[in-house]
Structure formats: structure tokens, C-alpha cells
Amino acid sequence: MPGEHHHQPTVDRPGSATTARPLRRQAGRQAAEVLFILLLAAAIHAGWSGGLIGPRGVCLVVVAVAVAKTSYFLVENLQHILLATSHEIPYHRFLGLMGVNMSQITLSFALDFWLLEMAEQGSFTGFDPAAMTPSRVFFDCLFYSVLNFSFFGFGEILPRTIPAKVVTLLEVVLAFFTVIFLLSDFISLKNSLRGDRGR
């Protein structure tokens, strides 16, 4: 009718300011998570080096923290795909979010492996006791974590103790969920979620 104003429903376009806000929030959240992971590892190491926690205690704490982190990252990965679907985030930006998330995971588990080996030497094979500097051990643990997450398989480093095997298993399960399910099935899952909302 004349004089009436018809408002078109607003749709978040890829690259719009409305779409960028959730991405900025997520980036800030991920930066805070990295800081928390580093501080947590530093606190566990300080507790061990200060004599507050014994080697076995460190191993138990690391396993418990790894279980909690695995659950958290699984939920966060699902939130990423729901965010990408509901806000029409372009696929390349979604991959960027997931790339940062995968970097967090590999760093987090590298710190777990480092703590296990530092607290209880011999948790992993492949470390040279003659060159057992903390920085060298961490580099090898990061290398091992990246191999685990990328499914390239084991090299010279292998888990020997039960805590080391449990933490390694958790990273492999998380890698499978993230890489196989979220990345390779993103398009079909996105279409499926859209279809459910349209009903």
C-alpha cells in the first residue's frame, strides 16, 4: 500500500562487518587460549621444579589436563563449524580459524610431551641424554606433536610409559576428528545444517 515501508530481511554477507565481528571475537578468544595453555604448562613445570609435585604427580596432572583439553577442543571445533554456517563465513576464513586451532592443539600437546619427558626421563624414546637441554627436548616434542596431528606417523620418537601413550592417543583422536571430519566434510555438513534449519 502507498506510504508503507517494506523492510527486507538483512542477511549477513560474506566479508560484511556483521560477519567480521564473530571472527574478531574468535581470534581474541584463541589468543587468550594460547596464553592460558602456556601459563598452565609453566605452572606445572614450576610445581615440579620447585618440589611441590613429584614426577608421577606431574604425569597424572598432564594426563588429566590433556583429557580436559581434548574435550574442550572437540567442542570448540564444533563451534567453529556452527559459526561458519550461521554467519555465512567464507570457506577460506573457516580454514584460517581451523588452522589457528590446529596450531593451538599441536603446541598444547607438545608442551604435554615436554612436561612428561622433563619430569620422567624415558617417557619417550629418541631423546639423547647427552643433549638433554630443555629447548632441544621441546623442539623434538613439537616435531613429534606435528607428526602425530598430521598423520605422518612415528619417527624416532615413540611413547614408552602409560601416560605418554595416553596423551599421544588423545592427540591422534583429536586430530582424526578435526582433520577428517571437520575439514573434509565441511561442505556436506554445512549443507546438511542449512537443510535442517530450513524445515
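Residues numbered from 1 in each chain as written. Predicted model: local features only at pLDDT ≥ 70, side-chain atom pairs only at ≥ 80, totals over all residues. Heavy atoms only, no water.

Novice: Tell me about the overall build of the chain, and please be specific about residues and values.
Specialist: For the chain, the helix and strand inventory stands at six helices and two strands. Mapped from its N terminus to its C terminus, the chain presents α and β elements in the order α-α-α-β-α-β-α-α. With 199 residues in all, the chain has 40% of them scored as buried. Summing over all exposed atoms, the chain offers an accessible surface of approximately 11000 Å²; the carbon and sulfur share of this is 68%. (Helix = DSSP H or I, 4+ residues; strand = E, 2+ residues; numbered from the N terminus. Buried < 20%, exposed > 50% of the residue type's maximum accessible area, 1.4 Å probe, protein only. Areas by Shrake-Rupley, 256 points an atom, 1.4 Å probe, with all protein chains shown as cover.)

Novice: Provide a residue-level description of the side chain of Gln104, including the pertinent values.
Specialist: You can see Gln104 is positioned in helix H3 (residues 91-119). By relative accessible area, which is 2% here, Gln104 ends up buried. Excluding residues that lie within four positions of it along the chain, Gln104 makes contacts with Gln30, Glu33, Val34, Ile37, Phe73 and Glu76. (Contact = heavy atoms within 4.5 Å.)

Novice: Talk me through the packing of aromatic side chains; I want residue IDs and the actual numbers.
Specialist: Think of a pair of aromatic rings as described by two things: how far the centres are apart, and how the planes are tilted against each other in angle. What the rule picks out here adds up to five aromatic pairs. Ring geometry for Phe124 and Tyr144: centres 5.5 Å apart, planes at 70°, overall edge-to-face. Residue Phe124 is found in strand S1 (residues 124-125), and its partner Tyr144 is found in helix H4 (residues 134-149); the two are separated by 20 residues along the sequence. Tyr144 gets classed as buried once you look at its relative accessible area, which sits at 2%. Through a chain of ring-to-ring contacts, the aromatic side chains of Phe109, Phe113, Phe124 and Tyr144 assemble into a single cluster. Across from the ring centre of Phe109, 5.8 Å away, lies the NZ or CZ of Lys69, which sits over that ring. (Phe/Tyr/Trp six-rings, centres within 6.5 Å; stacked < 30°, edge-to-face > 60°. Lys NZ or Arg CZ within 6 Å of the ring centre and 35° of its normal.)

Novice: Would you mind going over the pattern of salt bridges in detail, with residue names and values included?
Specialist: By the definition in use, this model includes three salt bridges. Residues Glu120 and Arg56 are paired through a salt bridge, measuring 2.9 Å at the closest nitrogen-oxygen approach. In this pair, Glu120 sits in the loop between H3 and S1 while Arg56 sits in helix H2 (residues 55-86), placing the two residues 64 residues apart along the sequence. Arg136 serves as the salt-bridge partner of Asp140, at 3.3 Å between the closest nitrogen and oxygen. One end of the pair is Asp140 and the other is Arg136, both in helix H4 and four residues apart, which spans about a single turn. For Asp140, a relative accessible area of 12% corresponds to the buried category. (Salt bridge = Lys/Arg side-chain N within 4 Å of Asp/Glu carboxyl O.)

Novice: So what's going on with H4? Residues and values would help.
Specialist: Under the 1.5 Å per step criterion, the end-to-end length of H4 is 22 Å for 16 residues, consistent within 8% with the ideal 22 Å. Looking only at H4, the buried set comprises Val137, Asp140, Cys141, Tyr144, Ser145, Leu147, Asn148 and Phe149. Following H4 by one or two positions, Phe151 adopts a phi angle in the positive range, close to 65°. (Expected span 1.5 Å × (residues − 1).)

Novice: Could you give an account of the confidence of the model for the chain, naming the residues involved and the relevant values?
Specialist: Counting all residues, the mean pLDDT for the chain is 78, and 69% of those residues have values of 70 or more. The model gives residues 5-17 a pLDDT under 50, and that stretch makes ten contacts with residues more than four places away or in other chains. (pLDDT = per-residue confidence, 0-100.)

Novice: Account for the side chain of Lys69, naming residues and giving values.
Specialist: Structurally, the position occupied by Lys69 is in helix H2. Classification of Lys69 by relative accessible area gives buried; the value is 12%. If we skip the residues at most four places from it in the chain, Lys69 touches Ser108 and Asp112.

Novice: Which residues make up the nonpolar core, and what are the values?
Specialist: Counting 33 residues, the largest nonpolar core has Phe109, Phe113, Leu116, Phe124 and Val167 as its most contacted members. Residue assignment for this core shows that the elements contributing at least two residues are helix H1 (17-49), H2, H3, H4 and helix H5 (162-183). Sorting elements by how many residues they give to this core places H3 first, with eleven residues. Among residues more than four places away in sequence, those in contact with Leu116 are Cys59, Val62, Ser123, Phe124, Pro163, Ala164 and Val167. (Core = buried A, V, L, I, M, F, W, Y, C linked by side-chain atoms within 4.5 Å.)

Novice: Run through the environment of Gly57, naming residues and quoting values.
Specialist: Residue position: Gly57 is located in helix H2. Judged by its relative accessible area of 24%, Gly57 falls in the partly exposed class. Along the sequence, Gly57 and Ala119 sit 62 residues apart, while their C-alpha atoms lie 9.2 Å from each other.

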